[in-house]
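# Architecture at a glance
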Amino acid sequence: MQKVKSKYQFLVNGEWSDGTSNKWVDIFSPETNEVVGSVPAMTQEEVDKAVRLAKEAQQTWADTAVHERSNLLYKWADKLEERKQEIGEMIANEVGKSPSSAIGEVVRTAEIIRYTAEEGVRIHGELMKGDSFPGGSKNKLALIQKEPLGVVLAISPFNYPVNLAAAKIAPALIAGNTVVFKPATQGAISGLLMIQALVDAGLPKSVVNVVTGRGSEIGDFVVTHSLIDMISFTGGTKTGQDIAQKAKMIPLVLELGGKDPALVLEDADIEQAAAQIIGGAFSYSGQRCTAIKKVFVLDSVADDLVSKLTEKVTQLKVGKASEEATVVPLINERAADFVEGLISDAKEKGAKIVTGGDRTGNFIEPTLIDNVTPNMDIAWEEQFGPALPIIRVSSVFEAIELEKKSEFGLQASIFTKNTQDAFTIASKLNVGTVQLNGKPERGPDHFPFLGVKNSGLGVQGIGRSIESMMRDKVMVINL
Ligand code: NAP
Ligand code: G3H
(Lines give C-alpha, C1' and ligand atoms only; values in the text may rest on other atoms or scores of the structure.)
(Ligands and ions follow the chains in the order given, each with its own letter.)
Protein backbone atom coordinates (compact mmCIF):
# COMPACT_ATOMS: atom_id res chain seq x y z
CA MET A 1 0.00 0.00 0.00
CA GLN A 2 1.24 3.47 -0.82
CA LYS A 3 0.74 6.13 1.76
CA VAL A 4 1.24 9.67 0.48
CA LYS A 5 0.99 12.46 3.05
CA SER A 6 -1.33 10.36 5.20
CA LYS A 7 -3.46 9.36 2.24
CA TYR A 8 -4.21 5.65 2.28
CA GLN A 9 -5.29 3.65 -0.76
CA PHE A 10 -8.03 1.09 -1.30
CA LEU A 11 -7.36 -2.45 -2.56
CA VAL A 12 -8.95 -3.99 -5.64
CA ASN A 13 -7.52 -6.84 -7.71
CA GLY A 14 -4.33 -6.93 -5.64
CA GLU A 15 -3.57 -3.30 -6.48
CA TRP A 16 -3.56 -0.38 -4.11
CA SER A 17 -5.14 2.67 -5.68
CA ASP A 18 -6.14 6.30 -5.07
CA GLY A 19 -9.08 5.79 -7.40
CA THR A 20 -10.38 8.29 -9.88
CA SER A 21 -12.81 10.43 -7.88
CA ASN A 22 -10.11 12.74 -6.60
CA LYS A 23 -12.19 12.92 -3.45
CA TRP A 24 -10.86 11.91 -0.07
CA VAL A 25 -12.57 11.31 3.24
CA ASP A 26 -10.65 12.77 6.17
CA ILE A 27 -10.58 10.82 9.40
CA PHE A 28 -10.32 12.92 12.57
CA SER A 29 -8.85 11.76 15.86
CA PRO A 30 -11.57 11.81 18.55
CA GLU A 31 -8.92 12.94 21.01
CA THR A 32 -7.12 15.76 19.19
CA ASN A 33 -9.55 16.48 16.37
CA GLU A 34 -6.55 16.42 14.00
CA VAL A 35 -6.68 14.56 10.71
CA VAL A 36 -5.20 11.09 11.19
CA GLY A 37 -5.30 10.36 7.49
CA SER A 38 -7.62 10.13 4.50
CA VAL A 39 -9.12 7.34 2.44
CA PRO A 40 -10.46 7.53 -1.10
CA ALA A 41 -14.15 8.19 -1.66
CA MET A 42 -14.61 5.49 -4.27
CA THR A 43 -16.91 5.92 -7.23
CA GLN A 44 -19.75 3.50 -7.98
CA GLU A 45 -17.78 2.21 -10.98
CA GLU A 46 -14.86 1.35 -8.71
CA VAL A 47 -17.11 -0.35 -6.17
CA ASP A 48 -18.77 -2.27 -8.98
CA LYS A 49 -15.37 -3.44 -10.23
CA ALA A 50 -14.43 -4.55 -6.71
CA VAL A 51 -17.55 -6.72 -6.49
CA ARG A 52 -17.28 -8.13 -10.02
CA LEU A 53 -13.64 -9.11 -9.58
CA ALA A 54 -14.40 -10.72 -6.21
CA LYS A 55 -17.07 -12.77 -7.99
CA GLU A 56 -14.64 -13.80 -10.73
CA ALA A 57 -12.04 -14.88 -8.16
CA GLN A 58 -14.46 -16.90 -6.06
CA GLN A 59 -14.52 -20.26 -7.85
CA THR A 60 -10.74 -20.56 -7.94
CA TRP A 61 -10.58 -19.68 -4.26
CA ALA A 62 -13.30 -22.24 -3.43
CA ASP A 63 -11.31 -24.84 -5.39
CA THR A 64 -8.16 -24.09 -3.39
CA ALA A 65 -7.55 -26.84 -0.83
CA VAL A 66 -8.96 -25.98 2.59
CA HIS A 67 -5.60 -26.56 4.24
CA GLU A 68 -4.07 -23.94 1.90
CA ARG A 69 -6.80 -21.47 2.79
CA SER A 70 -6.11 -22.29 6.40
CA ASN A 71 -2.36 -21.73 5.93
CA LEU A 72 -3.05 -18.26 4.52
CA LEU A 73 -5.00 -17.41 7.66
CA TYR A 74 -2.19 -18.62 9.93
CA LYS A 75 0.28 -16.44 8.01
CA TRP A 76 -2.11 -13.49 8.23
CA ALA A 77 -2.36 -13.92 12.00
CA ASP A 78 1.44 -13.95 12.29
CA LYS A 79 1.82 -10.80 10.17
CA LEU A 80 -0.81 -9.02 12.23
CA GLU A 81 0.89 -9.90 15.46
CA GLU A 82 4.27 -8.75 14.09
CA ARG A 83 2.60 -5.36 13.38
CA LYS A 84 0.51 -5.12 16.52
CA GLN A 85 2.28 -1.94 17.58
CA GLU A 86 1.78 -0.08 14.28
CA ILE A 87 -1.80 -1.24 13.77
CA GLY A 88 -2.65 -0.78 17.44
CA GLU A 89 -1.40 2.81 17.34
CA MET A 90 -3.54 3.51 14.31
CA ILE A 91 -6.64 2.04 15.99
CA ALA A 92 -5.90 4.16 19.05
CA ASN A 93 -5.60 7.34 16.94
CA GLU A 94 -8.53 6.68 14.67
CA VAL A 95 -11.16 5.57 17.16
CA GLY A 96 -9.82 7.07 20.39
CA LYS A 97 -9.10 3.85 22.25
CA SER A 98 -6.29 3.38 24.76
CA PRO A 99 -3.08 2.04 23.17
CA SER A 100 -3.06 -1.04 25.39
CA SER A 101 -6.62 -2.03 24.45
CA ALA A 102 -5.95 -1.21 20.78
CA ILE A 103 -2.87 -3.45 20.73
CA GLY A 104 -4.91 -6.03 22.68
CA GLU A 105 -7.50 -5.85 19.90
CA VAL A 106 -4.86 -6.77 17.31
CA VAL A 107 -3.59 -9.70 19.38
CA ARG A 108 -7.15 -10.92 20.00
CA THR A 109 -7.79 -10.67 16.27
CA ALA A 110 -4.74 -12.82 15.47
CA GLU A 111 -6.07 -15.40 17.92
CA ILE A 112 -9.51 -15.36 16.28
CA ILE A 113 -7.94 -15.86 12.87
CA ARG A 114 -5.84 -18.81 14.09
CA TYR A 115 -8.85 -20.46 15.75
CA THR A 116 -10.82 -19.94 12.52
CA ALA A 117 -8.01 -21.54 10.50
CA GLU A 118 -8.14 -24.53 12.84
CA GLU A 119 -11.93 -24.81 13.01
CA GLY A 120 -12.40 -24.50 9.25
CA VAL A 121 -10.38 -27.57 8.33
CA ARG A 122 -12.70 -29.76 10.40
CA ILE A 123 -15.85 -29.11 8.37
CA HIS A 124 -16.69 -32.40 6.67
CA GLY A 125 -20.38 -32.35 5.89
CA GLU A 126 -22.74 -35.17 6.76
CA LEU A 127 -24.21 -38.44 5.53
CA MET A 128 -27.89 -39.38 6.05
CA LYS A 129 -29.52 -42.73 5.51
CA GLY A 130 -32.99 -42.82 3.90
CA ASP A 131 -34.56 -45.46 6.12
CA SER A 132 -34.61 -43.32 9.26
CA PHE A 133 -37.74 -41.59 7.92
CA PRO A 134 -40.97 -43.64 7.94
CA GLY A 135 -41.37 -45.27 4.55
CA GLY A 136 -37.89 -44.17 3.52
CA SER A 137 -35.62 -46.56 1.78
CA LYS A 138 -32.25 -48.00 2.78
CA ASN A 139 -31.37 -47.56 -0.84
CA LYS A 140 -31.17 -43.80 -0.55
CA LEU A 141 -28.15 -42.05 0.90
CA ALA A 142 -27.81 -38.26 1.15
CA LEU A 143 -24.29 -36.83 0.98
CA ILE A 144 -24.48 -33.35 2.45
CA GLN A 145 -21.54 -31.20 1.53
CA LYS A 146 -20.83 -27.71 2.75
CA GLU A 147 -20.33 -25.10 0.06
CA PRO A 148 -19.41 -21.42 0.21
CA LEU A 149 -22.09 -18.85 -0.52
CA GLY A 150 -20.05 -16.79 -3.02
CA VAL A 151 -19.13 -13.16 -2.39
CA VAL A 152 -19.55 -12.01 1.20
CA LEU A 153 -19.98 -8.31 1.88
CA ALA A 154 -18.38 -7.57 5.26
CA ILE A 155 -19.37 -4.24 6.82
CA SER A 156 -17.80 -3.35 10.16
CA PRO A 157 -18.39 -0.63 12.80
CA PHE A 158 -15.96 1.91 14.21
CA ASN A 159 -15.56 0.58 17.73
CA TYR A 160 -13.54 -2.57 16.97
CA PRO A 161 -12.27 -1.73 13.48
CA VAL A 162 -9.88 -4.67 13.22
CA ASN A 163 -11.45 -7.31 15.43
CA LEU A 164 -15.00 -7.09 14.10
CA ALA A 165 -13.77 -6.92 10.50
CA ALA A 166 -11.51 -9.96 10.74
CA ALA A 167 -14.25 -11.86 12.60
CA LYS A 168 -16.17 -11.72 9.32
CA ILE A 169 -13.35 -11.95 6.78
CA ALA A 170 -11.53 -14.97 8.26
CA PRO A 171 -14.62 -17.26 8.41
CA ALA A 172 -15.67 -16.12 4.94
CA LEU A 173 -12.25 -17.04 3.53
CA ILE A 174 -11.88 -20.41 5.24
CA ALA A 175 -15.34 -21.33 3.92
CA GLY A 176 -14.23 -20.58 0.33
CA ASN A 177 -15.98 -17.25 -0.16
CA THR A 178 -14.35 -14.14 -1.50
CA VAL A 179 -14.95 -10.88 0.32
CA VAL A 180 -15.78 -7.28 -0.36
CA PHE A 181 -14.83 -5.44 2.82
CA LYS A 182 -16.36 -2.06 3.64
CA PRO A 183 -14.74 -0.73 6.84
CA ALA A 184 -16.37 1.97 8.94
CA THR A 185 -15.00 5.31 7.76
CA GLN A 186 -13.71 5.99 11.26
CA GLY A 187 -11.47 2.94 11.51
CA ALA A 188 -10.89 2.53 7.78
CA ILE A 189 -7.14 3.08 7.96
CA SER A 190 -6.77 0.42 10.66
CA GLY A 191 -8.82 -1.88 8.43
CA LEU A 192 -6.55 -1.16 5.46
CA LEU A 193 -3.42 -1.85 7.54
CA MET A 194 -4.98 -5.14 8.62
CA ILE A 195 -5.58 -6.04 4.96
CA GLN A 196 -2.02 -5.02 4.08
CA ALA A 197 -0.91 -7.77 6.51
CA LEU A 198 -3.17 -10.22 4.65
CA VAL A 199 -1.71 -9.18 1.30
CA ASP A 200 1.80 -9.69 2.69
CA ALA A 201 0.72 -13.14 3.88
CA GLY A 202 0.02 -14.08 0.23
CA LEU A 203 -3.61 -13.11 -0.46
CA PRO A 204 -4.48 -13.98 -4.07
CA LYS A 205 -5.85 -11.13 -6.20
CA SER A 206 -9.46 -10.13 -5.52
CA VAL A 207 -10.02 -12.77 -2.86
CA VAL A 208 -10.52 -9.73 -0.65
CA ASN A 209 -11.27 -6.33 -2.16
CA VAL A 210 -11.64 -3.30 0.08
CA VAL A 211 -14.05 -0.49 -0.70
CA THR A 212 -13.71 2.86 1.06
CA GLY A 213 -16.02 5.84 1.24
CA ARG A 214 -18.95 6.88 3.36
CA GLY A 215 -21.62 4.26 3.96
CA SER A 216 -24.23 6.90 3.19
CA GLU A 217 -22.72 7.31 -0.30
CA ILE A 218 -21.62 3.84 -1.42
CA GLY A 219 -23.61 1.71 1.06
CA ASP A 220 -26.85 1.30 -0.87
CA PHE A 221 -25.01 0.57 -4.09
CA VAL A 222 -22.89 -2.22 -2.66
CA VAL A 223 -25.63 -3.69 -0.45
CA THR A 224 -28.00 -4.03 -3.43
CA HIS A 225 -25.33 -5.21 -5.89
CA SER A 226 -26.62 -8.30 -7.67
CA LEU A 227 -23.29 -10.16 -7.29
CA ILE A 228 -23.25 -9.96 -3.48
CA ASP A 229 -24.31 -13.35 -2.09
CA MET A 230 -24.32 -12.69 1.64
CA ILE A 231 -24.00 -9.71 3.97
CA SER A 232 -22.34 -9.85 7.35
CA PHE A 233 -22.94 -6.52 9.05
CA THR A 234 -22.10 -5.10 12.46
CA GLY A 235 -23.28 -1.65 13.41
CA GLY A 236 -26.25 0.36 14.57
CA THR A 237 -29.78 -1.03 14.54
CA LYS A 238 -31.11 1.58 12.16
CA THR A 239 -28.37 0.96 9.59
CA GLY A 240 -28.87 -2.80 9.95
CA GLN A 241 -32.62 -2.50 9.45
CA ASP A 242 -32.10 -0.35 6.33
CA ILE A 243 -29.73 -2.95 4.93
CA ALA A 244 -32.19 -5.76 5.68
CA GLN A 245 -34.91 -3.92 3.79
CA LYS A 246 -32.76 -3.13 0.78
CA ALA A 247 -30.76 -6.33 0.37
CA LYS A 248 -31.99 -8.83 -2.20
CA MET A 249 -32.97 -12.38 -1.19
CA ILE A 250 -29.59 -13.27 0.30
CA PRO A 251 -28.51 -14.53 3.74
CA LEU A 252 -27.86 -11.80 6.28
CA VAL A 253 -26.07 -11.86 9.60
CA LEU A 254 -26.67 -8.65 11.52
CA GLU A 255 -25.01 -7.72 14.81
CA LEU A 256 -26.77 -4.58 15.97
CA GLY A 257 -27.28 -2.33 18.94
CA GLY A 258 -27.91 -3.37 22.51
CA LYS A 259 -29.29 -2.09 25.80
CA ASP A 260 -27.87 -4.79 28.05
CA PRO A 261 -29.41 -4.74 31.53
CA ALA A 262 -27.79 -5.79 34.80
CA LEU A 263 -30.35 -7.23 37.24
CA VAL A 264 -29.15 -6.95 40.82
CA LEU A 265 -31.14 -9.15 43.20
CA GLU A 266 -31.47 -8.86 46.97
CA ASP A 267 -29.02 -11.67 47.71
CA ALA A 268 -26.34 -10.46 45.27
CA ASP A 269 -22.77 -9.84 46.34
CA ILE A 270 -23.17 -6.08 45.95
CA GLU A 271 -19.45 -5.33 45.92
CA GLN A 272 -18.87 -7.83 43.10
CA ALA A 273 -21.93 -6.63 41.21
CA ALA A 274 -20.82 -3.00 41.47
CA ALA A 275 -17.32 -3.83 40.19
CA GLN A 276 -18.71 -5.77 37.22
CA ILE A 277 -21.28 -3.09 36.41
CA ILE A 278 -18.72 -0.28 36.43
CA GLY A 279 -16.32 -2.26 34.20
CA GLY A 280 -19.19 -3.23 31.93
CA ALA A 281 -20.71 0.22 31.63
CA PHE A 282 -17.75 2.56 31.42
CA SER A 283 -14.79 0.90 29.68
CA TYR A 284 -14.07 2.72 26.40
CA SER A 285 -16.74 5.16 27.56
CA GLY A 286 -19.46 2.57 27.03
CA GLN A 287 -18.85 2.42 23.27
CA ARG A 288 -19.30 -1.34 23.16
CA CYS A 289 -22.36 -3.19 21.97
CA THR A 290 -22.11 -5.32 25.12
CA ALA A 291 -21.73 -2.45 27.55
CA ILE A 292 -24.12 -2.52 30.50
CA LYS A 293 -26.57 0.17 29.47
CA LYS A 294 -29.07 0.04 32.35
CA VAL A 295 -29.33 -1.40 35.86
CA PHE A 296 -32.44 -2.88 37.44
CA VAL A 297 -31.94 -3.09 41.19
CA LEU A 298 -34.26 -4.30 43.92
CA ASP A 299 -35.36 -1.46 46.22
CA SER A 300 -33.98 -3.11 49.36
CA VAL A 301 -30.36 -3.12 48.06
CA ALA A 302 -30.53 -0.08 45.80
CA ASP A 303 -28.98 2.43 48.22
CA ASP A 304 -26.08 0.09 48.92
CA LEU A 305 -25.52 -0.56 45.21
CA VAL A 306 -25.71 3.13 44.28
CA SER A 307 -23.24 4.04 47.00
CA LYS A 308 -20.75 1.39 45.84
CA LEU A 309 -21.22 2.38 42.19
CA THR A 310 -20.63 6.02 43.07
CA GLU A 311 -17.41 5.21 44.89
CA LYS A 312 -16.16 3.20 41.92
CA VAL A 313 -17.16 5.77 39.31
CA THR A 314 -15.12 8.40 41.07
CA GLN A 315 -12.09 6.09 40.90
CA LEU A 316 -12.30 5.67 37.13
CA LYS A 317 -9.43 7.10 35.14
CA VAL A 318 -10.91 9.88 33.05
CA GLY A 319 -9.25 11.82 30.23
CA LYS A 320 -7.14 10.96 27.22
CA ALA A 321 -7.22 7.55 25.61
CA SER A 322 -3.55 8.04 24.73
CA GLU A 323 -2.87 8.18 28.48
CA GLU A 324 -4.74 4.95 29.10
CA ALA A 325 -7.87 6.54 30.55
CA THR A 326 -11.00 4.40 30.81
CA VAL A 327 -13.50 7.18 30.20
CA VAL A 328 -12.37 8.98 27.06
CA PRO A 329 -13.85 11.37 24.48
CA LEU A 330 -16.59 9.84 22.36
CA ILE A 331 -16.08 9.08 18.69
CA ASN A 332 -17.49 12.47 17.62
CA GLU A 333 -19.56 15.47 18.69
CA ARG A 334 -22.75 13.94 17.33
CA ALA A 335 -22.40 10.98 19.67
CA ALA A 336 -21.84 13.36 22.61
CA ASP A 337 -24.90 15.45 21.60
CA PHE A 338 -26.98 12.31 21.75
CA VAL A 339 -25.78 11.22 25.21
CA GLU A 340 -26.11 14.76 26.54
CA GLY A 341 -29.69 14.86 25.26
CA LEU A 342 -30.54 11.63 27.09
CA ILE A 343 -29.05 12.96 30.34
CA SER A 344 -30.99 16.25 30.05
CA ASP A 345 -34.23 14.42 29.31
CA ALA A 346 -33.78 12.22 32.41
CA LYS A 347 -32.93 15.26 34.55
CA GLU A 348 -35.96 17.20 33.34
CA LYS A 349 -38.21 14.25 34.12
CA GLY A 350 -36.99 13.96 37.71
CA ALA A 351 -34.01 11.59 37.67
CA LYS A 352 -31.13 12.26 40.05
CA ILE A 353 -27.68 12.84 38.62
CA VAL A 354 -25.49 11.14 41.24
CA THR A 355 -22.13 11.83 39.59
CA GLY A 356 -20.99 13.56 36.41
CA GLY A 357 -23.47 14.91 33.91
CA ASP A 358 -21.26 17.53 32.29
CA ARG A 359 -19.91 17.67 28.79
CA THR A 360 -16.99 19.38 27.07
CA GLY A 361 -16.79 18.96 23.31
CA ASN A 362 -17.07 15.25 22.62
CA PHE A 363 -16.19 14.33 26.20
CA ILE A 364 -18.97 13.30 28.59
CA GLU A 365 -18.17 12.84 32.26
CA PRO A 366 -18.89 9.38 33.65
CA THR A 367 -22.47 9.83 34.76
CA LEU A 368 -24.61 7.81 37.14
CA ILE A 369 -28.32 8.54 36.94
CA ASP A 370 -30.50 7.24 39.75
CA ASN A 371 -34.30 7.00 40.00
CA VAL A 372 -34.70 6.54 36.28
CA THR A 373 -38.29 5.71 35.33
CA PRO A 374 -39.82 4.21 32.18
CA ASN A 375 -40.98 7.59 30.85
CA MET A 376 -37.35 8.66 30.34
CA ASP A 377 -35.61 8.04 26.99
CA ILE A 378 -32.44 6.74 28.66
CA ALA A 379 -34.45 3.80 30.01
CA TRP A 380 -34.84 2.55 26.42
CA GLU A 381 -32.39 4.15 23.97
CA GLU A 382 -28.87 2.82 23.37
CA GLN A 383 -26.68 5.61 24.78
CA PHE A 384 -23.32 4.23 23.53
CA GLY A 385 -21.64 6.53 26.01
CA PRO A 386 -20.60 6.83 29.67
CA ALA A 387 -24.00 7.45 31.26
CA LEU A 388 -25.60 4.69 33.30
CA PRO A 389 -29.30 4.74 34.28
CA ILE A 390 -30.39 2.99 37.47
CA ILE A 391 -33.98 1.79 37.59
CA ARG A 392 -35.19 0.82 41.05
CA VAL A 393 -37.77 -1.99 41.07
CA SER A 394 -39.89 -3.50 43.81
CA SER A 395 -39.74 -7.05 42.43
CA VAL A 396 -37.88 -9.22 39.95
CA PHE A 397 -41.18 -9.55 38.12
CA GLU A 398 -41.23 -5.77 37.54
CA ALA A 399 -37.71 -5.88 36.09
CA ILE A 400 -38.61 -8.76 33.77
CA GLU A 401 -41.79 -7.02 32.60
CA LEU A 402 -39.86 -3.83 31.84
CA GLU A 403 -37.15 -5.76 30.04
CA LYS A 404 -39.77 -7.47 27.86
CA LYS A 405 -40.69 -4.04 26.51
CA SER A 406 -37.13 -3.29 25.34
CA GLU A 407 -36.61 -3.30 21.58
CA PHE A 408 -33.15 -4.81 22.17
CA GLY A 409 -32.05 -8.31 23.20
CA LEU A 410 -28.29 -8.74 23.08
CA GLN A 411 -27.09 -9.84 26.53
CA ALA A 412 -28.22 -9.46 30.17
CA SER A 413 -26.44 -9.96 33.49
CA ILE A 414 -28.04 -11.37 36.63
CA PHE A 415 -26.31 -10.84 39.96
CA THR A 416 -27.49 -13.31 42.62
CA LYS A 417 -26.10 -16.11 44.78
CA ASN A 418 -29.11 -18.29 43.97
CA THR A 419 -28.39 -20.25 40.81
CA GLN A 420 -31.92 -21.66 40.73
CA ASP A 421 -33.40 -18.14 40.65
CA ALA A 422 -30.85 -17.15 38.00
CA PHE A 423 -31.98 -19.96 35.69
CA THR A 424 -35.64 -19.12 36.21
CA ILE A 425 -35.06 -15.44 35.44
CA ALA A 426 -32.76 -16.23 32.51
CA SER A 427 -35.48 -18.36 30.93
CA LYS A 428 -37.79 -15.34 30.93
CA LEU A 429 -35.34 -12.89 29.32
CA ASN A 430 -35.56 -12.57 25.57
CA VAL A 431 -31.84 -11.99 24.87
CA GLY A 432 -29.06 -13.83 23.06
CA THR A 433 -26.93 -14.50 26.16
CA VAL A 434 -27.43 -14.28 29.91
CA GLN A 435 -24.37 -13.80 32.11
CA LEU A 436 -24.57 -14.99 35.69
CA ASN A 437 -22.55 -12.80 38.10
CA GLY A 438 -20.48 -11.30 35.31
CA LYS A 439 -20.71 -8.39 32.90
CA PRO A 440 -21.89 -8.91 29.33
CA GLU A 441 -19.14 -9.57 26.83
CA ARG A 442 -18.60 -11.12 23.47
CA GLY A 443 -15.68 -13.36 24.27
CA PRO A 444 -14.35 -15.96 24.45
CA ASP A 445 -14.71 -15.55 20.72
CA HIS A 446 -15.63 -19.16 19.96
CA PHE A 447 -18.83 -18.87 22.04
CA PRO A 448 -21.99 -18.25 20.00
CA PHE A 449 -22.76 -14.53 19.97
CA LEU A 450 -26.15 -13.25 18.94
CA GLY A 451 -28.80 -10.65 19.47
CA VAL A 452 -32.57 -11.12 19.29
CA LYS A 453 -35.30 -8.54 18.62
CA ASN A 454 -33.64 -5.40 17.21
CA SER A 455 -30.18 -6.53 18.36
CA GLY A 456 -29.58 -8.78 15.43
CA LEU A 457 -30.20 -11.65 13.10
CA GLY A 458 -28.23 -14.88 12.89
CA VAL A 459 -25.37 -16.02 15.06
CA GLN A 460 -21.66 -15.14 15.15
CA GLY A 461 -18.83 -16.77 17.12
CA ILE A 462 -16.11 -18.53 15.19
CA GLY A 463 -17.83 -21.86 14.42
CA ARG A 464 -21.24 -20.29 13.90
CA SER A 465 -19.77 -17.58 11.68
CA ILE A 466 -18.21 -20.15 9.38
CA GLU A 467 -21.52 -22.05 9.22
CA SER A 468 -23.37 -18.84 8.40
CA MET A 469 -21.18 -18.39 5.34
CA MET A 470 -21.79 -21.88 3.89
CA ARG A 471 -24.79 -23.73 2.56
CA ASP A 472 -25.70 -27.39 2.25
CA LYS A 473 -25.34 -29.09 -1.12
CA VAL A 474 -27.10 -32.41 -1.12
CA MET A 475 -26.39 -35.33 -3.42
CA VAL A 476 -28.77 -38.28 -3.12
CA ILE A 477 -27.33 -41.64 -4.10
CA ASN A 478 -29.97 -44.14 -5.15
CA LEU A 479 -28.30 -47.48 -4.54
P1 NAP B 1 -23.14 2.50 11.99
O2 NAP B 1 -23.18 3.96 11.94
O3 NAP B 1 -24.40 1.75 11.81
O4 NAP B 1 -22.05 2.04 10.91
C5 NAP B 1 -21.70 0.69 10.76
C6 NAP B 1 -21.17 0.46 9.37
O7 NAP B 1 -22.21 0.63 8.42
C8 NAP B 1 -20.07 1.42 8.95
O9 NAP B 1 -19.14 0.72 8.16
C10 NAP B 1 -20.82 2.44 8.11
O11 NAP B 1 -20.01 3.13 7.20
C12 NAP B 1 -21.77 1.50 7.39
N13 NAP B 1 -22.92 2.14 6.79
C14 NAP B 1 -23.49 3.32 7.09
N15 NAP B 1 -24.56 3.55 6.28
C16 NAP B 1 -24.64 2.49 5.45
C17 NAP B 1 -25.52 2.13 4.38
N18 NAP B 1 -26.55 2.91 4.01
N19 NAP B 1 -25.31 0.97 3.75
C20 NAP B 1 -24.29 0.18 4.10
N21 NAP B 1 -23.42 0.45 5.09
C22 NAP B 1 -23.60 1.60 5.77
O23 NAP B 1 -22.55 1.99 13.41
P24 NAP B 1 -21.26 2.51 14.19
O25 NAP B 1 -21.57 3.86 14.75
O26 NAP B 1 -20.05 2.31 13.36
O27 NAP B 1 -21.20 1.44 15.39
C28 NAP B 1 -21.90 1.60 16.59
C29 NAP B 1 -23.12 0.71 16.61
O30 NAP B 1 -22.74 -0.62 16.29
C31 NAP B 1 -23.76 0.62 17.97
O32 NAP B 1 -25.15 0.64 17.83
C33 NAP B 1 -23.32 -0.73 18.50
O34 NAP B 1 -24.16 -1.30 19.46
C35 NAP B 1 -23.27 -1.52 17.25
N36 NAP B 1 -22.38 -2.66 17.40
C37 NAP B 1 -22.95 -3.90 17.55
C38 NAP B 1 -22.15 -5.00 17.75
C39 NAP B 1 -22.74 -6.36 17.95
O40 NAP B 1 -22.00 -7.31 17.90
N41 NAP B 1 -24.04 -6.50 18.17
C42 NAP B 1 -20.76 -4.86 17.79
C43 NAP B 1 -20.22 -3.58 17.64
C44 NAP B 1 -21.03 -2.49 17.44
P45 NAP B 1 -19.52 4.63 7.52
O46 NAP B 1 -18.67 4.54 8.73
O47 NAP B 1 -18.79 5.02 6.29
O48 NAP B 1 -20.77 5.44 7.76
O1 G3H C 1 -19.03 -3.69 20.47
C2 G3H C 1 -19.25 -4.88 20.42
C3 G3H C 1 -18.19 -5.88 20.59
O4 G3H C 1 -18.51 -7.03 19.89
C5 G3H C 1 -18.05 -6.15 22.07
O6 G3H C 1 -16.99 -6.97 22.31
O7 G3H C 1 -17.63 -7.57 24.64
O8 G3H C 1 -15.36 -8.02 23.76
O9 G3H C 1 -16.07 -5.69 24.22
P10 G3H C 1 -16.49 -7.06 23.82
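Reading guide: rules and limits
Residues numbered from 1 in each chain as written. Chains lettered and ligands numbered in written order. Predicted model: local features only at pLDDT ≥ 70, side-chain atom pairs only at ≥ 80, totals over all residues. Heavy atoms only, no water. Helix = DSSP H or I, 4+ residues; strand = E, 2+ residues; numbered from the N terminus. Buried < 20%, exposed > 50% of the residue type's maximum accessible area, 1.4 Å probe, protein only. Pairing = 2+ DSSP bridges. Right-handed = clockwise from strand over helix to strand, strands pointing away. Domains from an automatic or database assignment. Contact = heavy atoms within 4.5 Å. Buried area = accessible area lost by both parts, 1.4 Å probe. Salt bridge = Lys/Arg side-chain N within 4 Å of Asp/Glu carboxyl O. Polar contact = N/O pair within 3.5 Å; in protein donor to acceptor, adjacent residues only side chain to side chain. Nonpolar A, V, L, I, M, F, W, Y, C, P; charged D, E, K, R; others polar. Near = heavy atom within 4 Å. Areas by Shrake-Rupley, 256 points an atom, 1.4 Å probe, with all protein chains shown as cover. Axes fitted to C-alpha atoms, helices over the stretch in contact; angles between N-to-C directions.

Another point: unusual backbone geometry. Most peptide bonds adopt trans geometry, and most residues besides glycine take a negative phi value. Here the residue pair Gly443 and Pro444 is connected by a cis peptide bond, since its omega of -5° sits within 30 degrees of zero. Tracing the backbone through its elements, the reader meets Pro444 in the loop between strand 23 (433-436) and strand 24 (449-450). A positive phi angle, near 65°, is found at Asn33, a position not held by glycine. Looking at where Asn33 falls in the secondary structure, it is placed in the loop between strand 5 (24-28) and strand 6 (35-40). The class of Asn33 is exposed, set by a relative accessible area of 59%.

Working note: regular strand, side chains alternate between the two faces of the sheet. Judged by how many residues are buried, strand 12 (residues 230-234) sits mostly within the fold: 5 of 5 residues are covered. In strand 12, alternate side chains face the same way, and those of Met230, Ser232 and Thr234 on one face and Ile231 and Phe233 on the other are all buried. Of the pairings in the sheet, the one linking strand 9 (residues 151-155) to strand 12 comprises 4 bridges and is parallel in character. By the bridge assignment for strand 12, Val152 is matched with Met230. As paired elements, strand 12 and strand 13 (residues 252-255) share 4 bridges and run parallel to each other. Following the sheet pairing, Ile231 is matched in strand 13 by Leu252. Each parallel crossover has a hand, and for strand 12 linked through helix 8 (residues 237-246) to strand 13 it is right-handed.

Looking now at the domain arrangement of the protein. According to the domain assignment, the protein consists of domain 1 (3-256 + 456-478) and domain 2 (260-445). If you average the C-alpha positions of domain 1 and of domain 2, the two centres end up 31 Å apart. Facing 22 residues of domain 1, the contacting portion of domain 2 comprises 20 residues. Carbon and sulfur atoms supply 50% of the area that domain 1 and domain 2 bury against each other, a total of about 1700 Å² over both sides. When the buried surface of domain 1 facing domain 2 is broken down by residue, Pro30, Glu31 and Phe158 rank first, second and third, together holding 30% of it. Our count for the contact surface shared by domain 1 and domain 2 stands at 2 salt bridges. With a closest N to O distance of 2.7 Å, Arg442 and Glu255 form a salt bridge. Counting across the domain 1 and domain 2 interface gives 10 residue pairs in polar contact (both at pLDDT 80 or more). Sort the elements by how many residues they give to the side of domain 1 that touches domain 2 and helix 4 (residues 99-120) lands first, with 4 residues. Of the residues belonging to the side of domain 1 that touches domain 2, the class tally is 9 nonpolar, 8 polar and 5 charged.

Close to ligand 1 lie 31 residues, the nearest being Ser156, Thr185, Thr239, Leu256 and Glu382. Within the backbone of Ala184, a nitrogen or oxygen atom sits 3.4 Å from an oxygen atom of ligand 1. Within the side chain of Arg442, an N or O atom sits 3.3 Å from an oxygen atom of ligand 1. Burial of ligand 1 by the surrounding chains reaches 85%, relative to a free accessible area of 910 Å². Counting only elements with at least two residues in the shell around ligand 1, the list comes to helix 7 (215-223), strand 12 and helix 8. By residue class, the composition of the shell around ligand 1 is 13 nonpolar, 12 polar and 6 charged.

Let's shift gears to the sheet that holds strand 16 (residues 352-355). With respect to topology, 7 strands assemble into an open sheet ordered 16-19-20-15-14-22-23, the strand pairing being mixed. The outermost strands of the open sheet, each flanked by one partner alone, are strand 16 and strand 23. The average undirected angle you get between the axes of adjacent strands in this sheet is 25°. Relative to strand 20 (residues 387-393), strand 15 (residues 292-298) is paired through 4 bridges, and the arrangement is parallel. In the sheet register, Val297 faces strand 20, and the bridge partner there is Arg392.

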